[in-house]
Amino acid sequence: MNGQFVIDGLLNGAMIGLGAIGLTLAYSVLRFANFAHGEFISWGGYIALLAAGGIGAVLGQPKDIGNLTFGWPLILALPVAALGAGVLALALDAVLFRRLRQKGSSITLVIASFGASLALRSLLEFLFSDDPRYYSTDIAIAMPLGLGLRASADQLGVLGFALVLMVLMHLVMTRSRLGWSLRAVSENADLARLAGIDVAGVIRAAWLIGGGLAGVTGVLLGQTVQLRPTMGFDLLLPLFSAAILGGIGSVPGAMLGGLIIGLAEALSVPLIGAEYRAAVAFLVLLAMLLVRPTGLFGVRT
Amino acid sequence: MGVTALALETRDLVAGYEPDLPIVRGASIRVARGEIVLLLGPNGAGKSTLVKAIAGLVPVSAGEILADGASIAGVPTHRLIRRGLAFVPQTDNVFTGLSVRENLVLAAGLLPVAQRGQRVKEMLTLFPDLARLAAQAAGRLSGGQRQMLAIARALVVGPRLLMLDEPSAGLSPLLVGTVMAKLSEIRGQGVTILMVEQNARAALPIADRAYVLVEGRVAHEGPAAGLFDDPAVAALYLGGRPRAA
C-alpha cells in the first residue's frame, strides 16, 4: 500500500465535505434531513454542462488552461451552476417545504424530500438520459508529485478550489453577521427574532448557500468523475455520514467529516477491496451514531 | 396618565399557542413611558404568554396591542425590535454557541454600522462582569452572568420598552438584588420596563405599578407600594380566584 489513497481520499472527501455543508445547514436551521439535497448536486453538474456549452459557443472553441482538461467556459459556468442549484433549493423550499413547515412535522418534510428527490432525478433523466456525460473528453494525465504519489492537474485544481471554498465558508460562519445569524437561528429561532434577525431571510440564505455549494460539488464531481443523473443521490450516504460524523448542524464538522469519510473510503480500497468501498461511509455512520451520536463538533440539545 | 404618555397598551387581548385554547383571555394593561410595571399572579395565570404575545412570539386571536399608540398585533418580532421593543425570555435567552461579544454584536446589527461598536462598548461598561468574559462562549456563563448578558443583548439597540420574563428565576438572593438594581438604573436612562416576576418581594421595591393576572385576565391593578397590604391581592397572588365585586 502506498500513500496514493491520501490524494484520492482528500479529493473525494473535499467534495463530500462541500456537499455536506448544505445538508447540515438545512438540518440545523429547519430541523429536517433533506433527502433531495443530492439532486442539487446533480442539477448543478448538468446546469454547468449547459452553461459551459453556451459560453463555449459564444467564446469560440474553448482552449484548455495549462495542463487542465477544461478551459474558461467551465470556470465561468461554475458560478452559474452554483446560482442555479441555489435557486433550485430556494424554489423547492418555496413551493414545498415552507408550506409543509407551517403545518406538518419534520417527518412530513423528510418524506416530502424523498418525493422531491425522485421527481428532480427523474426530470434530469428525462432531459439528459441515463448516459454519462463529460465536460471534456480530453485525458487528464496524472503527474508525479514525489513520494510515489500522482495526481492530475484537474484533481489538484479541484482539491485546491474545494479547500479554498471550505476556508471561505468557515470565515463566513465565524466572522460575518450572516454566519452568526445562521448559527443563532439554528440554536434558537425565537431568540434570533428577538435579536432583530429576519429568520425567514436567514432560512433563504441557508438554502441559497447550501444549494449553491451542492451545485459546485456537482461541477467538481462531474469534472473529476462524470455526470450522471444519479450522481448526487449516490453521494447522499457519504454526505449524511459526513454531516453526522462532524456533528449535525456544524459547518466545520461537515467539512472535517467529509474529509474523514473520503480518506476512510479511499483507505478501504487497498485494505478490503474496492467492492466494499461504499460500505465504509455506512459503517462510519453507524459507529458514530452508536458511540457519539452528537458527532465530533455537535452539541447535545 | 394621558394617552400620549402611554408606551404600551393591550386591550382585551386574547392569545395562546392554539386558537381554541387561549391562555390570555381578555387582558388589558397600560404601561406609561418611564414606568416599571410588574405582572404578578399565580402559576398558569398567563403572565409569560401575555409578554410573549406582545413580543409577537405567541399568536393573538383577539384584542389589540398598541405601542406608542400604533397597533403592533401581527407585526413580526424582528420588526418590533426595530421599532424599539425588546424582550428577555426567562430561559434560553442567550446564544450559547456564540461568545459574549458575538451575542452583543449580532443584536447590535440593527444599528447603523458606525454606532455598533460604541453601543457594544457601552453595554460592556454597564455590565463590567461581561467585559472580562467578552471572548467566552455564552454557554459557559453562570446563571447570573447569562441573565446580565440577556439584558445587555436586549438593550444594545437602545430600546424604548424592555420586557422581561422572570429575570430573577434561578438566581441567588444577592444576584436578584443586583439584577433589580440594574433594571432600576436602566429605567433611569429612560427605558420603560414591563416585567413578569414571581419574586414579587424583590421586584416591588423598584416598580411603580403592578397588575395581578389570574386565569388570563387582570384581577387587580394598583401602585406597587403597599400592594401586599391589600388582603385581596395577597389572596389572588397565592392562587385564589378574584372575589366578586
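> Tell me about the overall build of chain B, and please be specific about residues and values.
Scanning chain B from N- to C-terminus turns up nine helices and ten strands. By the compact-globule yardstick of 18 Å for 245 residues, chain B fits well, its C-alpha radius of gyration being 18 Å. Dimensions of chain B, computed from C-alpha atoms along their principal axes, come out at roughly 55 × 35 × 35 Å. Classification of the 245 residues of chain B by burial places 44% in the buried group. Partitioning the intrachain contacts of chain B with sequence separation of at least 6 by distance along the chain shows that 67% fall at a separation of at least 24.

> Explain the packing of helix α1 (residues 4-30) of chain A against helix α10 (residues 236-246) of chain A to me, and be specific about the residues and the numbers.
Residue and element names in this part refer to chain A. Two elements in contact, α1 and α10, have axes separated by 8 Å at closest approach and are oriented at 65°. With respect to their mutual orientation, α1 and α10 come out roughly perpendicular. The interaxial crossing formed by α1 with α10 has right-handed handedness. Counting all contacts with α1, which are made through Ile 16, Gly 17, Gly 19, Ala 20, Leu 23, Thr 24 and Tyr 27, the residues of α10 involved are Pro 238, Leu 239, Phe 240, Ala 242 and Ala 243. Taken together, the residues that form the contact of α1 with α10 break down as nine nonpolar, three polar and no charged.

> Now, about the sheet that holds strand β5 (residues 70-71) of chain B: what can you tell me, with residues and values included?
All names here are of chain B. The strand order β2-β1-β4-β5 describes an open sheet built from four strands, whose pairing is antiparallel. Whereas interior strands pair on both sides, the edge strands pair on one side only; in this sheet they are β2 (24-32) and β5. Pairing of strand β4 (residues 60-67) with β5, which is carried by two bridges, proceeds in the antiparallel orientation. The residue bridging Leu 66 from the neighbouring strand is Ser 71, located in β5. Lying over the sheet, helix α1 (residues 47-54) contacts β1 (6-15), β2 and β4, oriented at roughly 115° with respect to β1.

> Report on the interface of chain B and chain A, specifying residues and quantitative values.
Between chain B and chain A, the contact holds 21 residues from the first and 15 residues from the second. The set of elements that each furnish at least two residues to the side of chain B that touches chain A consists of α2 (77-82) and α3 (100-107) of chain B. At four residues, the largest contribution of residues to the side of chain B that touches chain A is made by α2(B). Of the residues belonging to the side of chain B that touches chain A, the class tally is eleven nonpolar, six polar and four charged.

> Describe the sheet that holds strand β6 (residues 85-88) of chain B, naming the residues involved and giving the relevant values.
All names here are of chain B. Read from one edge to the other, the open sheet built from six strands follows the order β6-β7-β8-β3-β9-β10, with strand pairing classed as mixed. Looking at the sheet topology across the chains shown, the edges are occupied by β6 and β10 (217-223). When strand polarity is set aside, the average angle formed by the axes of neighbouring strands in this sheet is 15°. Pairing analysis gives four bridges linking strand β3 (residues 36-40) to strand β8 (residues 192-196), with the strands arranged parallel. Bridge assignment links Leu 38 to a residue of β8, and that residue is Met 195. Lying on the sheet, helix α6 (residues 143-155) is in contact with β6 and β7 (161-165); it crosses β6 at an angle near 165°.

> Let's hear about the pairing of β7(B): which residues, and what values?
Residue and element names in this part refer to chain B. Of all five residues in β7, five are buried, a share of seventy percent or more. Side-chain alternation along β7 places Leu 161, Met 163 and Asp 165 on one buried face and Leu 162 and Leu 164 on a second face that is also buried. Two strands pair when backbone bridges link them, and β6 and β7 are joined in this way by four bridges, in the parallel orientation. Its bridge partner being in β7, Ala 86 is matched across the sheet by Leu 162.

> Give me the lowdown on helix α12 (residues 277-291) of chain A, citing residues and values where you can.
All names here are of chain A. In this model, α12 (15 residues) spans 22 Å end to end at C-alpha, consistent with the 21 Å of a helix rising 1.5 Å per residue. Of the positions making up α12, those classed as buried are Val 280, Ala 281, Val 284, Leu 285 and Met 288. Taken end-on, α12 shows its buried residues confined to a sector of 130°, consistent with a single buried face. Turned more than 90 degrees off the buried face of α12, the exposed positions are Ala 287 and Leu 290. Tucked inside the fold, the buried residues of α12 contact α10 and α11 (251-272).

Rules used in this analysis
Residues numbered from 1 in each chain as written. Chains lettered and ligands numbered in written order. Predicted model: local features only at pLDDT ≥ 70, side-chain atom pairs only at ≥ 80, totals over all residues. Helix = DSSP H or I, 4+ residues; strand = E, 2+ residues; numbered from the N terminus. Rg over C-alpha atoms; globule rule 2.2 N^0.38 Å. Buried ≥ 20, exposed ≤ 12 C-beta atoms within 10 Å, placed from the backbone. Contact = placed C-beta atoms within 7 Å. Axes fitted to C-alpha atoms, helices over the stretch in contact; angles between N-to-C directions. Parallel < 35°, antiparallel > 145°, perpendicular 65-115°, else oblique. Left-handed = near helix turned anticlockwise from the far one by under 90°. Nonpolar A, V, L, I, M, F, W, Y, C, P; charged D, E, K, R; others polar. Pairing = 2+ DSSP bridges. Expected span 1.5 Å × (residues − 1). Arc of directions from axis to C-beta.

Treat this as a map of the structure, not an account of what it does.
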